[in-house]
Amino acid sequence: RADRIADAAATIAPFSSDSNNLSNLSDMQCMWYENETGAAHLRRGEHGKALKNFALVEKHFLDILEDQYDFHHYCLRKMTLRAYVKMLRLEDELYSQQLFVSAAYGAIDTYLQLDSSKKAVAAAAATASKTATEGMSAAELKKAESKRKKAEARAKAEAEAAAKAAPALHAAKGGGGGAAKGAKKGGKDVPIDDDPDGKLLVAKDAVEGASRYLATLLAHAPNRLRTQTYAVAIYLSKGKLLLALRAIRRVVELARD
C-alpha cells in the first residue's frame, strides 16, 4: 500500500514454495495479494501490470465456478446434500464476493484512466492538426487527410499483427493450450509470461474492457454505490444517455444523504 512492490514481493517470498518465482502464489489463488499489487501498479500509472493482476483474480473466480462440476455427482453419490446445497448457494453469489468486486473495480478504474489518456492524446493531436492545416488549400488539406488515414491504418494493422503473433509465440515457447513452460527448476516447469507488462491488455478497447466487468457487477453487485457510479461514467463515455440516467437515479436511491 506504500507502492513498494519489490519490497512486498521480497516479504511474501518466504511463504512461496519458490522464493525466486512468485507464480505459485497465483496457483494458490492468493487473491488478496494480487488485488493489492494491482492497486499499487495502478497508483504508479503502470496500467498493463495492474490489469494483469486484476485479470488473475478474475481467472481464479472462473476456475472456482468451473470446479463445481467436479462435485455434482460426488455429493449426490456420497449423500452430502447439506454441504452440496451450501456450495450451490455459494456459486450463485460467487461474483458478489468482495475479492472479485475489488478486482473488477480496479480493472474498471484502470480502463477508465486509459480511456481518459487516449482522449486527451486525441484532442491534442486534433488541435495540432488544426494548427498545422491552417492556411492550406483544399488540395493540400485532402493530401494531409489521406496521409493521416494511411498512418492510422498502418498503426492499426501493426497492432493487429502483434496481437495475432502473441499466441503463436506463446505456442512456440511450449505454451500449447495453457501457460508457456520454461526451464525446469527443482523438477518443475517454470512458467514463462509472454506479456509481463500487460501490453496486450492495454492495447484492447478500454471502454469495452470496462463494460465487460461492469456487466458482471450489475448482475451480481448492483446495490453497491460504486457499481452504479461506474455505470454512469461508462454509459456516458459510450453515449448511452438513457442508461446513464437510469444509473444516476439508482445512485440517488442508494445514497439519499
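Coordinates for the structure precede this section.
Since we're looking at a predicted model, the values are computed, not measured.

How each quantity is defined
Residues numbered from 1 in each chain as written. Predicted model: local features only at pLDDT ≥ 70, side-chain atom pairs only at ≥ 80, totals over all residues. Heavy atoms only, no water. Axes fitted to C-alpha atoms, helices over the stretch in contact; angles between N-to-C directions. Helix = DSSP H or I, 4+ residues; strand = E, 2+ residues; numbered from the N terminus. Left-handed = near helix turned anticlockwise from the far one by under 90°. Contact = heavy atoms within 4.5 Å. Nonpolar A, V, L, I, M, F, W, Y, C, P; charged D, E, K, R; others polar. Expected span 1.5 Å × (residues − 1). Buried < 20%, exposed > 50% of the residue type's maximum accessible area, 1.4 Å probe, protein only. Phe/Tyr/Trp six-rings, centres within 6.5 Å; stacked < 30°, edge-to-face > 60°. Parallel < 35°, antiparallel > 145°, perpendicular 65-115°, else oblique.

The geometry of helix H10 (residues 206–220) relative to helix H11 (residues 225–237) is characterised by a closest axis approach of 10 Å and an angle of 145° between their N-to-C directions. Of the two possible hands of crossing, H10 and H11 adopt the one that is left-handed. Touching Val-207, Ala-210, Ser-211, Leu-214, Leu-217 and Leu-218 of H10 are Thr-227, Gln-228, Tyr-230, Ala-231, Ile-234, Tyr-235 and Ser-237, all from H11. Looking at the contact of H10 with H11 residue by residue, the classes come out as 9 nonpolar, 4 polar and no charged.

A few words now on H11. Compared with the 18 Å implied by 1.5 Å per residue over 13 residues, the 19 Å span of H11 between its first and last C-alpha is a close match. Within H11, the full set of buried residues consists of Thr-227, Gln-228, Tyr-230, Ala-231, Val-232, Ile-234 and Tyr-235. Count one or two residues on from H11 and you reach Gly-239, which has phi positive near 75°.

Our focus in this paragraph is the packing of aromatic side chains. Across all of its chains, the model carries 5 aromatic pairs by this definition. Arranged with centres 5.5 Å apart and planes meeting at 65°, the rings of Phe-61 and Phe-100 form a pair that is edge-to-face. Here Phe-61, found in helix H4 (residues 47–67), pairs with Phe-100, found in helix H7 (residues 98–133); they are 39 residues apart in sequence, far enough to count as distant. By relative accessible area, which is 2% here, Phe-100 ends up buried. A centroid spacing of 4.8 Å and a plane angle of 75° characterise the contact between Tyr-95 and Phe-100, whose relative ring orientation is edge-to-face. Accessibility assignment for this pair places Tyr-95 and Phe-100 in one class, buried. One aromatic cluster in this structure is built from Phe-61, Tyr-95 and Phe-100.

Turning next to the packing of H11 against helix H12 (residues 241–254). Two measures define how a pair of helices packs: the angle their axes make with one another and the distance between the axes. Two numbers describe how H11 lies on H12: the axes approach to 8 Å, and their chain directions differ by 160°. Taken together, H11 and H12 sit at an angle that is classed as roughly antiparallel. For the crossing formed where H11 meets H12, the hand is left-handed. Within the contact between the two elements, H11 uses Leu-225, Gln-228, Thr-229, Ala-231, Val-232, Tyr-235 and Leu-236 and H12 uses Leu-241, Leu-243, Ala-244, Ala-247, Ile-248, Arg-250, Val-251 and Leu-254.

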